[in-house]
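Structural features, examined
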Amino acid sequence: MDKQRFIEAGKIVNTHGVRGEVKIQVWLDSPEFMKKFKTVYIDEKPVKMLSSRPHKDMLIASLEGVADVNAAMCLKNKTVYIDRKDAKLPRGTYFLQDIMGASVIDEKGDEIGKLVDIMETPASTIYVVKGETEHLIPAVPEFILKTDAAKGIIKVHLIEGM
């Protein structure tokens, strides 16, 4: 599967203070993970993060070229991206976008369908798989047996009613 170079990392949801800081709703694992990036991309242009700090489930960031609240307000609702090559993922982990469209197979190797959506719920992450029928599969070890992001294959254990 082809991997996109830029990963959607979050969205600027508001300004913070009067010195041009922005509040970023983080779509990655955590604000702490996003804090590690020195450069982010907004409107396909690189922007240096001069400083950043986690605040609740958000990241408060000071961006190069954004000196006041008015400049920060112009960035509201913009999507923030990171460059895949800047991400240092632990071995065996992957970005969720890397498995979108993956073939989902059962324990016998029969294809169930393709992963078309990933829903975040309070209880767990749910994989939406469409084939002849739609399956909602909790992304927990009892049901997700193996994920090979490089090959685009997810092996699952289904139970009746899933």
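This text gives an overview of the structure that appears in the document. (Residues numbered from 1 in each chain as written. Predicted model: local features only at pLDDT ≥ 70, side-chain atom pairs only at ≥ 80, totals over all residues. Heavy atoms only, no water.)

Attention now moves to the pattern of salt bridges. If you walk through the whole model with that rule in mind, you get eight salt bridges. Here D83 ties to R5 by a salt bridge, and the two come within 2.7 Å at their closest N and O atoms. Placement of the pair is D83 in strand β6 (residues 79–83) and R5 in the segment before β1 (6–16), with a sequence separation of 78 residues. Take D83: its relative accessible area is 1%, and that puts it in the buried class. (Salt bridge = Lys/Arg side-chain N within 4 Å of Asp/Glu carboxyl O. Helix = DSSP H or I, 4+ residues; strand = E, 2+ residues; numbered from the N terminus. Buried < 20%, exposed > 50% of the residue type's maximum accessible area, 1.4 Å probe, protein only.)

Let's shift gears to the sheet that holds β1. Judged by pairing direction, the barrel is antiparallel, and its six strands sit side by side in the order β1-β2-β5-β4-β3-β6 before closing back on the first. Adjacent strand axes in the sheet meet at a mean angle of 45 degrees when their direction is disregarded. Looking at chain direction, strand β2 (residues 21–26) and strand β5 (residues 58–63) are connected through four bridges and run antiparallel. Within the sheet, the bridge partner assigned to Q25 lies in β5 and is M58. (Pairing = 2+ DSSP bridges. Axes fitted to C-alpha atoms, helices over the stretch in contact; angles between N-to-C directions.)

Let us now look at the packing of aromatic side chains. This structure, assessed with the given rule, holds two aromatic pairs. Judged by centre distance (5.5 Å) and plane angle (75 degrees), the ring pair of F33 and F37 falls under edge-to-face. Residue classification places F37 among the buried positions, given a relative accessible area of 5%. (Phe/Tyr/Trp six-rings, centres within 6.5 Å; stacked < 30°, edge-to-face > 60°.)

This next bit is on unusual backbone geometry. Although it is not a glycine, E44 sits at a positive phi angle of roughly 65 degrees. The topology assignment puts E44 in the loop between β3 (39–42) and β4 (45–55). One non-glycine residue, K56, lies in positive phi territory at about 60 degrees. When you line up the elements, K56 lands in the loop between β4 and β5. Residue classification places K56 among the exposed residues on the basis of a relative accessible area of 73%.

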